[in-house]
Amino acid sequence: AQKVTQAQTEISVVEKEDVTLDCVYETRDTTYYLFWYKQPPSGELVFLIRRNSFDEQNEISGRYSWNFQKSTSSFNFTITASQVVDSAVYFCALSEAQRRVQGAQKLVFGQGTRLTINP
Amino acid sequence: DTAVSQTPKYLVTQMGNDKSIKCEQNLGHDTMYWYKQDSKKFLKIMFSYNNKELIINETVPNRFSPKSPDKAHLNLHINSLELGDSAVYFCASSQGRGTGSYEQYFGPGTRLTVT
């Protein structure tokens, strides 16, 4: 069964600190996809990144970076030099290739991590 | 232009009423979804349509009925509303063609409050 665990319910740091959000997943599929979404206080869900199971290269986008490690089934997200605008709930999600049905895919989300950046 | 839009943004209604939420996407995607986010922020898929055809139907009460008049629109009708239906409902869309798994783009959400 597919499952995503974000063990950190809430994190609070002071602005400019680096912070890492953990994501651990479970799947029996050999082909799967991992995602991160951001939900700011305004409530919308913003797509951040997609990673497939064959690509273990880490990714960096500005102050954001992602560390994908199949050996530990983890897909962690690091924000460098955090800013107040980074305050949001962050979700990690998983979809399995086997569960792709006629173009539709089932995204399974973790519980989310509420990140608060204090000035 | 908004990529995925939902109306209304807020919906307050009484138990037993019937209500609808509308969703439209202008991304040219083939696949659309409805998700429910509960008070603890947990997100769960409810339905998915691909080109107007129902593809994913999770264990959702029969009171919830999605309808897709065309591939750019997916509406959600809820009959006999109950207190437990209070949540934020998100519409999303993604590409459906080819292999792989594509990111889903979400609408702004509809906060439904049942009193």
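For the structure, check the block above.
Basis of the calculations
- Residues numbered from 1 in each chain as written.
- Chains lettered and ligands numbered in written order.
- Predicted model: local features only at pLDDT ≥ 70, side-chain atom pairs only at ≥ 80, totals over all residues.
- Heavy atoms only, no water.
- Helix = DSSP H or I, 4+ residues; strand = E, 2+ residues; numbered from the N terminus.
- Rg over C-alpha atoms; globule rule 2.2 N^0.38 Å.
- Buried < 20%, exposed > 50% of the residue type's maximum accessible area, 1.4 Å probe, protein only.
- Contact = heavy atoms within 4.5 Å.
- Areas by Shrake-Rupley, 256 points an atom, 1.4 Å probe, with all protein chains shown as cover.
- Pairing = 2+ DSSP bridges.
- Axes fitted to C-alpha atoms, helices over the stretch in contact; angles between N-to-C directions.
- Disulfide = S-S within 2.5 Å.
- Core = buried A, V, L, I, M, F, W, Y, C linked by side-chain atoms within 4.5 Å.
- Buried area = accessible area lost by both parts, 1.4 Å probe.
- Salt bridge = Lys/Arg side-chain N within 4 Å of Asp/Glu carboxyl O.

Secondary structure summary: chain A contains 0 helices and 12 strands in total. The secondary structure elements of chain A, listed N-terminal to C-terminal, are β-β-β-β-β-β-β-β-β-β-β-β. For chain A, whose C-alpha radius of gyration is 14 Å, the value lies close to the compact-globule estimate of 14 Å for 119 residues. Its C-alpha atoms give chain A principal-axis dimensions of roughly 45 × 30 × 25 Å. Out of the 119 residues in chain A, the part that is buried amounts to 50%. Counted over contacts in chain A with a minimum sequence separation of 6, partners at least 24 positions apart contribute 59%. Summed over its atoms, the accessible surface of chain A is roughly 5700 Å², and 47% of this surface lies on carbon and sulfur atoms.

Residue and element names in this part refer to chain B. Taken together, 4 strands build an open sheet; the order of strands is β1-β3-β8-β7 and the sheet is antiparallel. This sheet does not close on itself; its edge strands, each paired only once, are β1 (4-7) and β7 (64-70). Ignoring which end each strand starts from, the neighbouring axes of this sheet average 20 degrees apart. Summarising the sheet, β7 and strand β8 (residues 73-78) pair through 5 bridges and their orientation is antiparallel. For F64, the partnering residue across the bridge sits in β8 and is I78.

The next point concerns the state of the cysteines. Within this structure, the stated rule accounts for 2 disulfides over all chains. Covalently, C23 of chain A is tied to C92 of chain A through a disulfide, its sulfur atoms 2.0 Å apart. Linking C23 of chain A and C92 of chain A, the disulfide has an S-S dihedral of approximately -65 degrees and is accordingly described as left-handed. Of this pair, C23 of chain A sits in the loop between β3 (19-21) and β4 (24-26) while C92 of chain A is found in strand β10 (residues 88-96), placing the two residues 69 residues apart along the sequence. Note that C23 of chain B is cross-linked by a disulfide to C91 of chain B, the S-S spacing being 1.8 Å. Here the S-S torsion is close to -75 degrees, and the disulfide linking C23 of chain B with C91 of chain B is therefore left-handed. Here the residue C23 of chain B occupies a position in strand β3 (residues 19-25), and C91 of chain B occupies one in strand β9 (residues 87-94), the gap between them amounting to 68 residues. Here C23 of chain B falls in the buried class, since its relative accessible area comes to 1%.

All names here are of chain A. The biggest cluster of nonpolar side chains holds 23 residues, and the ones touching the most others in it are W36, F77 and Y90. If you list the elements that add at least two residues to this core, you get β2 (10-14), β3, β5 (32-39), β8 (64-69), β9 (74-79), β10 and β12 (113-118). A total of 4 residues in this core trace back to one element, the largest contributor, which is β10.

Note on interface size: it is often stated as the accessible area lost on association of the parts. Counting from both sides, the interface comprises 24 residues of chain A and, opposite them, 29 residues of chain B. Both sides of the chain A and chain B interface together cover about 2200 Å² of buried area, and 53% of this is carbon and sulfur. On the surface where chain A and chain B come into contact, there are 2 salt bridges. Note that R50 of chain A is salt-bridged to E103 of chain B, the shortest N-O span being 3.6 Å.

Residues and elements named next belong to chain B. In terms of residue burial, strand β5 (residues 43-50) counts as a mostly covered element, since 7 of its 8 residues are buried. Inspection of the sheet shows strand β4 (residues 31-37) paired to β5 by 7 bridges, in the antiparallel sense. When the bridges of β5 are listed, Y33 appears paired with S48. In this antiparallel pair of consecutive strands, β4 and β5, the connection spans 5 residues, and K41 shows a positive phi of 75 degrees. The pairing of β5 with strand β6 (residues 53-57) spans 4 bridges and is antiparallel. Within β6, the residue paired with S48 across the bridge is I56.

Note that every value here comes from positions in space, so none of it alone points to a role or purpose.
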